[in-house]
Amino acid sequence: LGSLLANGALIKRIAPSSVLLLVAAVITAVVFRRAFCGRICPLGYLLELFGGIGKLVFGRRFVMPSWLDRPARYLKYMVLALILTFTWSTGELVIRAYDPWVAYNHIASPELFTENLAGLIVLVVVLLGSLLYDRFFCKYACPMGAFLGLISRFSIFKVRRDANACIDCKLCDKACAVNVEISTAAAVADPECIDCGECVAACPAKGAL
């Protein structure tokens, strides 16, 4: 985007559709929080699929200990900062070589084990991680999720809880893939919320969420 505004040209391997996707994702985040992550992102769906497989295999959903989980959530912001810094200084799409989604898109390409080898390794790690922990990459390493999470703090819409209708069953907490505590909030303002709607779907009390 910086190259486009400064020079009127996009950097290598970026198409106009990428800019449109960025604008659409930002607008979505301003209105519906991280709905892109929870309802649109194809990599998010793949992680969700592996999470479902993990539950079938292990018969349960694992939860990272809070003392490790909370600090680990900041890793994606560090990844975002590093990518922005190196992309700006080099004028190249630095993330491409490490991007698990790019690697997935090159599964049948001869570039997979050369140009996209690092991304393939990241993809395998996050898929295996998702067998144990829901949305493993989304919670701990995704720079796009970090970026949209920052914007989501100013979003117009969010999940709200009616304390009078709530029966305190905590099924919403159990349904949340990113482990946001919904059952005690008046409104879910946590930037970790991916607006997937699973908490609302799981709620048995009409009008509570």
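Look up: the structure comes first, before these words.
The shown structure was predicted, so the numbers you read here are calculated from the model rather than taken from an experiment.

1. Regarding a nonpolar patch on the surface
Inference 1: On the surface, a cluster of nonpolar side chains totalling about 710 Å² of accessible area is made up of Tyr 45, Leu 49, Ile 53, Leu 56, Val 57, Phe 58 and Leu 132.
Inference 2: Examining the composition of the nonpolar patch, we find that six residues originate from one element, helix α4 (residues 42-58), more than from any other.
Inference 3: One can find Val 57 in helix α4.

2. A few points about the packing of aromatic side chains
Inference 1: This model, assessed by the stated rule, comprises six aromatic pairs.
Inference 2: Centroid distance Tyr 133 to Phe 136: 6.5 Å. Interplanar angle 25°. Geometry classified as stacked.
Inference 3: Through a chain of ring-to-ring contacts, three or more aromatic side chains come together here, namely Tyr 133, Phe 136 and Tyr 140.

3. Structural notes on helix α6 (residues 75-90)
Inference 1: Between the first and last C-alpha of α6 there are 22 Å, a value that for 16 residues agrees with the 22 Å anticipated at 1.5 Å per step.
Inference 2: Of the residues making up α6, those classed as buried are Lys 76, Tyr 77, Leu 80 and Ile 83. With its buried residues spanning 125° around the axis, α6 presents them on a single face. Exposed residues pointing more than 90 degrees away from the buried face of α6 are listed as Met 78, Thr 85 and Ser 89.
Inference 3: On its buried side, α6 packs onto α9 (136-140) and α10 (143-152).

4. A look at the nonpolar core
Inference 1: Ranked by internal contacts, the top residues of the largest apolar core, which has 17 residues, are Leu 148, Val 180, Ile 182 and Val 188.
Inference 2: Counting only elements with at least two residues in this core, the list comes to α2 (16-32), α3 (35-40) and α10.
Inference 3: Val 188 has contacts with Arg 33, Lys 158, Val 159, Val 180, Ile 182 and Cys 193, leaving out every residue within four places of it along the chain.
Inference 4: The next biggest cluster of nonpolar side chains, apart from the first, holds nine residues, and it includes Leu 46, Leu 123, Val 126 and Cys 138.

About the criteria used
Here the residue index of a chain counts from 1 through its sequence in written order. Side-chain atom pairs in this predicted model are given and counted only at pLDDT of 80 or more, local residue features only at pLDDT of at least 70, and totals for whole chains, interfaces and linings cover all residues. Processing note: side-chain calculations cover all non-hydrogen atoms of the structure and skip hydrogens and water entirely. Residues forming no salt bridge and having over 30% relative accessible area are the ones grouped into patches, like charges within 9 Å of each other and nonpolar side chains (Val, Leu, Ile, Met, Phe, Trp, Tyr) within 5 Å. In this description, accessible areas are obtained by the Shrake-Rupley approach with a 1.4 Å probe, and a residue is regarded as covered only by the protein chains that are shown. We define a salt bridge as a side-chain nitrogen of Lys or Arg found within 4 Å of a carboxyl oxygen belonging to Asp or Glu. Put simply, DSSP H or I for four residues or longer makes a helix, DSSP E for two residues or longer makes a strand, and each gets a number counted from the N terminus. Within 6.5 Å between ring centres, the rings of Phe, Tyr and Trp (the latter by its six-membered ring) count as paired, and their orientation is classed by plane angle as stacked under 30 degrees, edge-to-face over 60, tilted in between. A helix's residues, less one, multiplied by 1.5 Å, set its expected span. Relative accessibility decides the category of a residue: with a 1.4 Å probe and only protein chains considered, values under 20% of the type maximum give buried, values over 50% give exposed, and everything between is partly exposed. Each direction from the helix axis to a C-beta atom contributes to the arc, which is the arc of those directions. Note on contacts: a residue pair qualifies if any of its non-hydrogen atoms lie within 4.5 Å across the two residues. What makes a nonpolar core is a set of buried Ala, Val, Leu, Ile, Met, Phe, Trp, Tyr and Cys residues whose side-chain atoms join them at distances within 4.5 Å.

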